[in-house]
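# Per-entry structural report
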Amino acid sequence: MAVVAARRLTIGRMESVNAIPFVAAGLIISAVLGAMSGLVAARRGWRLMQSTD
C-alpha cells in the first residue's frame with residue numbers, strides 16, 4: 001500500500017481519495033469510545049451510590 005502511494009507521488013499526479021470511509025470509521029470509533037467511557041462512569045457512580053448506603 002505504501003509503495004503504491006509513493007509511486008503515485010513520484011508520478012506527479014494526485015488522485016482524489018474518497019473521505020467517506022475515513023469519516024465513517026472515525027465516527028464509529030468515537031461512538032465506541034464514548035459508550036465505553038459512559039459505561040465506566042455509570043459503574044463508578046453506581047458503586048459510589050451503593051457504598052454510601
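Residues numbered from 1 in each chain as written. Predicted model: local features only at pLDDT ≥ 70, side-chain atom pairs only at ≥ 80, totals over all residues. Heavy atoms only, no water.

Here we take up the overall build of the protein. In terms of regular secondary structure, the protein is built from two helices and zero strands. Looking at the protein as a whole, 0% of its 53 residues qualify as buried. For the protein, the accessible area works out to roughly 5,100 Å², and carbon and sulfur atoms hold 71% of it. (Helix = DSSP H or I, 4+ residues; strand = E, 2+ residues; numbered from the N terminus. Buried < 20%, exposed > 50% of the residue type's maximum accessible area, 1.4 Å probe, protein only. Areas by Shrake-Rupley, 256 points an atom, 1.4 Å probe, with all protein chains shown as cover.)

Another aspect to go through is a nonpolar patch on the surface. Taken together, the side chains of Ile28, Ile29, Val32, Leu33 and Met36 present a nonpolar region at the surface, about 500 Å² in accessible area. With respect to the element layout, isoleucine 29 can be found in helix α2 (residues 20-51). Given a relative accessible area of 52%, isoleucine 29 falls into the exposed group. (Patch = residues over 30% accessible without salt bridge, like charges linked within 9 Å, V, L, I, M, F, W, Y side chains within 5 Å. Salt bridge = Lys/Arg side-chain N within 4 Å of Asp/Glu carboxyl O.)

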